[in-house]
Amino acid sequence: MAELWAGIDAGKTHHHCTVIDQDGSRLLSRRLANTEDAILALIADVLALAEGREVHWATDLNQGAAALLISALLSHAQTVFYIPGRTVHHAARIYSGEGKTDAKDAGIIADQARMRRDLQPVRAEDETIVELRLLTARRADLVHDRTRAYNRLRATLLEYFPALEASFDFSQRKAAVILLTRYQTPEGIRRAGQARIEAWLRKQGCYRPDKTAEAALRAAQQQSTTVVGQTAAAALVARIAQDILSLIEQIAEVDAQIEARVQAHAHFEILQSVPGFGPQLAAEFIAATGGTMDRFGSADRLAGIAGVAPVPKDSGKVSGNCRRPKRYDRRLLRTCFLAAQNAARYCPESRTYYERKRAEGKNHKQAVLALARRRINVIWALLRDGTTFQHRSPDLALAA
């Protein structure tokens, strides 16, 4: 029976849907609001147009603004394919005309879905996966905000009190950040004295308050000049320090939520047994893979999507050249890279493999990527068989 293909160019407030048949002829082109009523009306009209024929839907987003659309389609037992926006952008070059419209993009999406056989259908995600994806994304945003706040704190402090800025690594010493919520200037620190600052820091529950108070007083004694704008800058430093402490608390809250949810997933215990994985990286891996290996089919495909498998770049007589892939899941690459880097430091087997790659002339990043690629095979096998990781001797790992 003839089939129809419905391509949807998804957007924040509106989508555009184009339906074509086997010959590529356009049967419907409609702009619709990103609301439930409009989406349900579109589904009803397309199914009526199909008259019993199977409809294959395709969209250039698989979450975010397209979440409601995909949920509605899946609830109506429709097959939905995902075509990345980058793929649509490059495919547009082979179609006539240089103009770009939502209707044209929707038509390209539908036509690509009609011609290609390598597209993976979108599957409904369970509640845990969606929560982990949202929470890990929230955590990443908070960590980025904290990093920017640390950088702004140091830059502002450098404007009027460089000695104190050089005395602490604020990202590693929370007591120094707490100090800045009350004492920000050389005069204020000298006037308070080491004993009073130490007592106040101890009351705030700081670790090693004596060392922090001593370093702060030493920095204050190095500067007696009052820099122009010190008052305003000190007020900003106090505000930024409070923001950093608030971000630290928010990150801790999100970490607790992630750990509570990831423990309920079937892959958690297996990933936890793999060296280099903790609750956070395990949650990010599960969120990035959708909590199942079914969508990948093989360890090689998983490695390709993770960006740890080199791709050939051969042409004519030139062969054997490989390069980093340009299309991959950056979240999954980050997770695999960080886990492999941790394992190279603390796991004897991984350390042996890492050092062997360094001896072959690879730099640190290349050696970690090679280790991450090797570990993909291990993780795939463990998740496939439902078994935990078992350590072996470094001598056996070196011979592998």
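Below is a short write-up of the structure. Given the structure is predicted, the values throughout are model-derived calculations rather than measurements.

**Things to note about the overall build of the protein chain**
Secondary structure assignment for the protein chain yields 17 helices and seven strands. In terms of overall dimensions, the protein chain is more spread out than a globule: its C-alpha atoms have a radius of gyration of 28 Å, far above the 21 Å expected for 400 residues. In terms of principal-axis extent, the alpha carbons of the protein chain reach across some 85 × 55 × 50 Å. Out of the 400 residues belonging to the protein chain, those deemed buried represent 44%. Counting only contacts in the protein chain whose residues sit at least 6 apart along the sequence, the fraction spanning at least 24 positions is 61%.

**Some thoughts on empty space enclosed by the protein**
On inspection of all chains with the given rule, the structure shows one cavity of 30 Å³ or more. Lining the largest cavity, in full, are Phe277, Cys336, Ala339, Ala372, Arg375, Ile376 and Ile379. Elements supplying a minimum of two residues to the lining of the largest cavity: α14 (330-346) and α16 (364-385). Looking at which element gives the most residues to the lining of the largest cavity, the answer is α16, with four residues. Split by residue class, the lining of the largest cavity holds six nonpolar, no polar and one charged.

**Re the sheet that holds strand β3 (residues 26-33)**
Sheet architecture is open: five strands sit in the order β3-β2-β1-β4-β5, paired in mixed fashion. Whereas interior strands pair on both sides, the edge strands pair on one side only; in this sheet they are β3 and β5 (79-82). Taken pair by pair, the neighbouring strands of this sheet meet at an average axis angle of 20 degrees, ignoring direction. Contacts from helix α4 (residues 102-115) reach β1 (4-9), β2 (14-20), β3 and β4 (55-59), with the element oriented near 140 degrees to β1.

**Some remarks on the packing of aromatic side chains**
Applying the stated criterion across every chain yields a total of four aromatic pairs. Their ring planes at 45 degrees and their centres at 6.4 Å tell us that Tyr160 and Phe161 sit as a pair that is tilted. Exposure remark for Tyr160: the relative accessible area of 1% places this residue in the buried category. Taking the centre distance of 5.9 Å and the plane angle of 80 degrees together, the rings of Phe277 and Phe285 count as edge-to-face.

**Concerning the pattern of salt bridges**
Inspection of the entire model under this criterion finds 20 salt bridges. With a shortest N-O distance of 2.6 Å, Asp111 and Arg114 are connected by a salt bridge. With Asp111 and Arg114 both in helix α4, this residue pair falls three residues apart, about one helical turn. The salt bridge partner of Arg351 is Glu355, with a shortest N-O separation of 3.0 Å. A residue pair is termed a helical-turn pair when its members lie 3 or 4 positions apart in one helix, as Arg351 and Glu355 do in helix α15 (residues 348-359) at four residues.

Conventions used here
Residue numbers restart at each chain and count upward from 1, following the sequence in its written direction. The model is predicted, so local features are restricted to residues of pLDDT at least 70 and side-chain atom pairs to those at 80 or more, both for listing and for counting; the totals for chains, interfaces and linings are taken over all residues. Side-chain calculation: all heavy atoms of the structure are included, whereas hydrogens and water are not. Helix and strand assignments follow DSSP, with helices taken as H or I runs no shorter than four residues and strands as E runs no shorter than two, numbered in order from the N terminus. We compute the radius of gyration from the C-alpha atoms alone; for a globule the expected value is 2.2 Å times N to the 0.38, where N is the number of residues. Buried means the residue's accessible area, taken with a 1.4 Å probe over protein chains only, is under 20% of the maximum for its type, while exposed means over 50%, and partly exposed covers the values in between. When checking whether two residues touch, look at their non-hydrogen atoms; a contact exists if any pair is within 4.5 Å. Here a cavity denotes a set of grid points, spaced 1 Å apart and computed over the protein atoms alone, in which a 1.4 Å probe fits but from which it cannot get out, and a pocket denotes an open set meeting protein on both sides within 12 Å along at least five of seven lines; residues with an atom within 4 Å of a point are reported as lining. Grid points are joined across faces, edges and corners, and a volume is the space filled by probe spheres set on the points. Here the term charged refers only to Asp, Glu, Lys and Arg, the term nonpolar to Ala, Val, Leu, Ile, Met, Phe, Trp, Tyr, Cys and Pro, and the term polar to all other amino acids, Gly among them. Following DSSP output, two strands are said to pair if at least two bridges run between them. Axis geometry follows a simple rule: fit a line to the C-alpha atoms, using only the stretch in contact for helices, then measure angles between N-to-C directions, giving values from 0 to 180 degrees. Any pair of Phe, Tyr and Trp rings, taking the six-membered ring for Trp, is counted once the centres come within 6.5 Å. Such a pair is stacked with planes under 30 degrees apart, edge-to-face with planes over 60 apart, and tilted for the rest. Salt bridges are counted wherever a side-chain nitrogen of Lys or Arg sits within 4 Å of a carboxyl oxygen of Asp or Glu.

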